[in-house]
Amino acid sequence: MNYVNLLRIALRAIQRNKLRAFLTMLGIIIGVAAVITMMSIGEGSKQSIQNTFSSMGSNMITIMPYNNSPMPGGVRLGAASVQSLTLSDVNKIKQEVSEINALSPGVSSSGQAIRGANNWPTSLQGVSSDYLQIRQLSIKDGSNFTEEQVKASAKVCLIGQTVVDNLFKENENPVGQIIRFGKIPFQIIGVLNAKGQNTFGQDQDDIIIAPYTTVMKRILATTYLQNIYAATPNEALSNQAMEHITTVLRENHRIREGTENDFEVRTMAELIQMLSSTSGMMTSLLTAVAGISLLIGGIGIMNIMYVSVTERTREIGLRLSIGARGRDILWQFLTEAVVISMTGGVMGAILGIIASFTISSLVHWPILISESSIVISFFVCVITGVFFGYYPAVKAAALDPIEALRYE
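Residues numbered from 1 in each chain as written. Predicted model: local features only at pLDDT ≥ 70, side-chain atom pairs only at ≥ 80, totals over all residues. Heavy atoms only, no water.

The chain is annotated in an unreviewed UniProt entry as Multidrug ABC transporter substrate-binding protein from Sphingobacterium sp.. Per UniProt, the comment on the chain under Sequence similarities (unreviewed entry) is "Belongs to the ABC-4 integral membrane protein family." (UniProt positions renumbered as here; feature names shortened; annotations may be inferred.)

Structural data, given as structure tokens:
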């Protein structure tokens, strides 16, 4: 059996009916293009989520208050209304949890930042000097506040680039200047490097950072914390640190065994896994829907192969009568079906790559075209060609040569 001759015969048969062959390929082209586009968008979204959380600190641990006592009627208060975290918890964690290398209390408030005639609605984060290390923030100009300034509740702050752009003139140096947050004046001692928007559209530069003691005493007038942030030297220690923190806080809060925690500990790995899982599920759903086009394309191949067998019945009879075997006829039509499918797959892959980059440039969605998606698409095309071309090929191989020669 000469496979080169089989390929030549298949190509000649396709060339005789170019338009019909192209219309047959169309379902495969659209299906492959849709699958590659959906997979590239899905993979791009997952990569973007991972990059976003990595830029926030992939080894960060967040401790939040949690209300385990529902109000009458079964209603639970939000975490912001719960007062279960204190500076005593921070000190206990610092003393007993050896897996962490940075720790910061966290409180926040929203309001207007004012300088002269300019004002800007933003958020004020009250943290310790370790916060920059935890969140992987860096200072462009100036310096971070010191532990002495934290202890003294100093009215100093660091500001993000968005705040700079809205309160100061171009090329004006904010370091050393005074701004007000509400009625409280703050001296700017540092400007943060720009980080831009994250995957969720949140501006990471629209922020003012001040000592947590200053925010607690002068802004919020509270002794409770809204969050505690911690970081481990590497991601491998995150789960171990989370378990140790949970044990320490349960002991410090005197929570009896079997009783629910009044706090919640989360690692970035958990959030990444949860969001990546959701994104992966949506990608699988969209890819399955796009795969329907491949099924329709396969049915089109089966239909056109049936038509081809009918049109070429006399040709089949002639080949059988001069010595061709049934399996030669089978391979001839099977090769033709696979060539149609593979050609459609190549065109679909090119179209899918173009569509992915077009979508990325027009709507700014993150994309990631992986080699696996293209390889899988080609593999599916071969399977589609063999599966849907096999039965018409078997029918052609089973023709009686005498009846085939008589066919009009």
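Moving on from the coordinates now.
A. Structural context of the environment of A117. Along the chain, A117 falls in the loop between β2 (102-115) and β3 (118-127). On the basis of relative accessibility, which here comes to 77%, the residue A117 falls in the exposed class. (Helix = DSSP H or I, 4+ residues; strand = E, 2+ residues; numbered from the N terminus. Buried < 20%, exposed > 50% of the residue type's maximum accessible area, 1.4 Å probe, protein only.)

B. Expanded view of helix α12 (residues 371-397). A rise of 1.5 Å per residue sets the reference length of α12, with its 27 residues, at 39 Å; its end C-alpha atoms lie 37 Å apart and thus fit the reference within 8%. Approximately 40° is the largest bend angle found in α12, and it occurs at Y390, with the proline P392 only one to four residues beyond. Buried within α12 we find S373, S377, C381, T384, G385, F388, G389, P392, A393 and A396. (Expected span 1.5 Å × (residues − 1). Bend = angle between axes of the 7 residues up to and from the residue.)

C. Geometry of the side chain of E99. Tracing the sequence through the fold places E99 in the loop between α3 (87-96) and β2. Buried charge without a partner: E99 forms no salt bridge, and the closest opposite charge is K92, 14 Å away. There is a polar contact of 3.2 Å between the side chain of E99 and the side chain of Q240. When neighbours within four sequence positions are excluded, E99 is seen to be in contact with T232, P233, L237, Q240, A241 and H244. (Lys, Arg positive; Asp, Glu negative; His and termini not counted. Salt bridge = Lys/Arg side-chain N within 4 Å of Asp/Glu carboxyl O. Polar contact = N/O pair within 3.5 Å; in protein donor to acceptor, adjacent residues only side chain to side chain. Contact = heavy atoms within 4.5 Å.)

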